[in-house]
Amino acid sequence: ETALSTIAELLEIDNNILEKEWQWIEMLRSVRDESLSELKGIDVTISLKRGEICYFKTEGRLLKEMVLNRFQKNNVAYREVGFEVDIEGEIYITNKQIIFSGTDERTYPISRVRDVILSVKEQTVELTLSNRKSPLIVTSPEAARLAMFINKVSDEEN
């Protein structure tokens, strides 16, 4: 943080311009601090399996990939890909699964999580699961915390 302040002063960048970046840094610092603490169960209103503990709950959307357009140019096939909302509602991270609950309900075993990629700018989390061709794309206002909890719980459970 000190180094960034020094660079901003040397480049004569107004602090108002850097306000958004400082907010991101503060948010990531709090997520890092939370990641170093012990997992604590929380009370939730959904039914959990015996021995299942919920560690995190947030709002979010599970997106699904869809082909928006197909075309051919110079004998090469192209496709334009986009995303649409598959499930919008609550996301629960437990010691056994990731639960998407809203317009529909879907679960994925936490043991199948192989990789978690966070895009802070887009507030998305990309989850690579074993035995699944395409990754899950999740958006959430708390994407950084969501990614941290999925990563932490999957590391502890695997």
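Up top is the structure these notes are about.
Here the structure is a predicted model, which is why all the values come from computation and not from measurement. (Residues numbered from 1 in each chain as written. Predicted model: local features only at pLDDT ≥ 70, side-chain atom pairs only at ≥ 80, totals over all residues. Heavy atoms only, no water.)

Colleague: When you look at the overall build of the chain in this model, what are you seeing that I'm missing?
Modeller: Broken down by element type, the chain carries 3 helices and 7 strands. Listing every helix and strand of the chain by position from the N terminus yields α-α-β-β-β-β-β-β-β-α. When the 158 residues of the chain are sorted by exposure, 32% land in the buried category. Taking contacts inside the chain between residues at least 6 apart in sequence as the whole, the part at least 24 apart equals 47%. With an accessible surface of roughly 10500 Å², the chain has 47% of that area assigned to carbon and sulfur atoms. Taking the average place of the 21 positive charges on the side chains of the chain and the average place of its 28 negative ones, the gap between the two points comes to 9 Å. (Helix = DSSP H or I, 4+ residues; strand = E, 2+ residues; numbered from the N terminus. Buried < 20%, exposed > 50% of the residue type's maximum accessible area, 1.4 Å probe, protein only. Contact = heavy atoms within 4.5 Å. Areas by Shrake-Rupley, 256 points an atom, 1.4 Å probe, with all protein chains shown as cover. Lys, Arg positive; Asp, Glu negative; His and termini not counted. Charge placed at Lys NZ, Arg CZ, Asp CG, Glu CD.)

Colleague: Mind showing me how you'd approach a negative patch on the surface here?
Modeller: Together, E38, D155, E156 and E157 line one region of the surface with negative charge. Among the secondary structure elements, D155 is positioned in helix α3 (residues 143-157). Of the residues examined, D155 reaches a relative accessible area of 53% and is grouped as exposed. (Patch = residues over 30% accessible without salt bridge, like charges linked within 9 Å, V, L, I, M, F, W, Y side chains within 5 Å. Salt bridge = Lys/Arg side-chain N within 4 Å of Asp/Glu carboxyl O.)

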